[in-house]
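Below are the chains, spelled out letter by letter.
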Amino acid sequence: MTPGDHSHHVVYIDESGNGGPEGNINSFWVSVAVLIPMDEIHTVNTGMDTIREQHFRPYAKEVKGCIIPHELLRGHTLEDVAKGIAELCDKVDAHSWGVATRHGKAPPGNFPIPNPLPKDIVRQFLMERINGFFNQGYLGSDDCIIVWDISNHEELIDFSTSVAAFRNAYDRTGLCPRLAPAVLGGLSHDWKGLQIADVISNFALHHLGRKILLPDARKSKADAFQQFFYPRLQKDSTGHTEGIGWKVW
């Protein structure tokens, strides 16, 4: 993308897992952010509606990771859905990041939040990546708002507070002035970018669980994450993804 091609962007954020002590995939906490130009929102909304109509049963009102593959039409696969979402992200020149940690994982020594929960660790790392992306001038002077699924009201307030108080763990710099200093609540039914982030975070959760052979991790979702979503996570200037667009702490 050439800086200035778009004047405003939206970062959609969704999370999967709960970082609890369970012996299953929910012991992970995964946060995914998908950045989309605001003038491509109609394309995203139309594209996600098409994916839903083509692959899901008629009563599925939106595309969500937790209903895949159970609510797919006969003969349609989760790979079909993942491929469609990946191609849609390419079409609108989306950028995406994912960060994850697991229950019991200690934070790095320089972590700016005392006694952090898994969600605090993940959200800090995620915001460092988004903030750094804007500070490094990838989008020129473009501005951005952050949208969170309003259905989880308590977490919306919690995350919005952490965004407003954000400080980089290494140099203590604050939020880039081109990022709105608070989070906007939206419904995933209306903001289809939230559905994209939801599916990616759900598939990433299974990817992580599969790596340590958790019994409830679905191999097909793990493989689809590796094939369709991991390659599209934000890369650095040398083309490398690990540590930039996908971080597991």
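This text follows the structure it describes.
This section reports on the structure supplied with the text. Given the structure is predicted, the values throughout are model-derived calculations rather than measurements.

Scanning the chain from terminus to terminus reveals six helices and six strands. Element order for the chain, N to C, with α for helix and β for strand: β-β-α-α-β-α-β-α-β-α-α-β. Compactness check: the chain gives a C-alpha radius of gyration of 17 Å against a globular reference of 18 Å for 249 residues, within 12% of the reference. Projecting the C-alpha coordinates of the chain onto the three principal axes gives extents of approximately 50 × 45 × 40 Å. Within the chain, buried positions represent 53% of all 249 residues. If you take every contact in the chain between residues at least 6 apart in sequence, the share linking residues at least 24 apart comes to 70%. Element-wise, carbon and sulfur atoms account for 52% of the exposed surface of the chain, whose accessible area totals about 11,100 Å². Here the chain carries 24 positive and 30 negative side-chain charges, and the mean point of each set is 6 Å from the other.

Should their charged atoms come close, side chains of opposite charge can pair. Tallied over the entire structure, the rule returns 13 salt bridges. Here Lys192 makes a salt bridge to Asp49, at a shortest N to O gap of 2.7 Å. Taken as a pair, Lys192 in helix α5 (residues 192–211) and Asp49 in helix α1 (residues 41–55) lie far apart in primary sequence, 143 residues in all. Judged by its relative accessible area of 9%, Lys192 falls in the buried class. Between Asp158 and Arg123 there is a salt bridge whose closest N-O contact spans 2.8 Å. Taken together, the residues Asp158 in helix α4 (residues 153–164) and Arg123 in helix α3 (residues 118–135) connect sequence positions 35 residues apart.

Okay, the sheet that holds strand β1 (residues 8–17) next. One open sheet accounts for six strands, arranged β5-β4-β1-β2-β3-β6; its pairing is mixed. Looking at the sheet topology across the chains shown, the edges are occupied by β5 (179–186) and β6 (246–248). With direction set aside, neighbouring strand axes in the sheet form an average angle of 20°. In this sheet, strand β2 (residues 28–37) lies alongside β1 in antiparallel orientation, the contact comprising nine bridges. Note on β2: the bridge partner recorded for Asp14 is Val32. Relative to β5, α4 is tilted by about 170°, and along the sheet it contacts β1, β2, β4 (143–149) and β5.

Rules of the game
Residues numbered from 1 in each chain as written. Predicted model: local features only at pLDDT ≥ 70, side-chain atom pairs only at ≥ 80, totals over all residues. Heavy atoms only, no water. Helix = DSSP H or I, 4+ residues; strand = E, 2+ residues; numbered from the N terminus. Rg over C-alpha atoms; globule rule 2.2 N^0.38 Å. Buried < 20%, exposed > 50% of the residue type's maximum accessible area, 1.4 Å probe, protein only. Contact = heavy atoms within 4.5 Å. Areas by Shrake-Rupley, 256 points an atom, 1.4 Å probe, with all protein chains shown as cover. Lys, Arg positive; Asp, Glu negative; His and termini not counted. Charge placed at Lys NZ, Arg CZ, Asp CG, Glu CD. Salt bridge = Lys/Arg side-chain N within 4 Å of Asp/Glu carboxyl O. Pairing = 2+ DSSP bridges. Axes fitted to C-alpha atoms, helices over the stretch in contact; angles between N-to-C directions.

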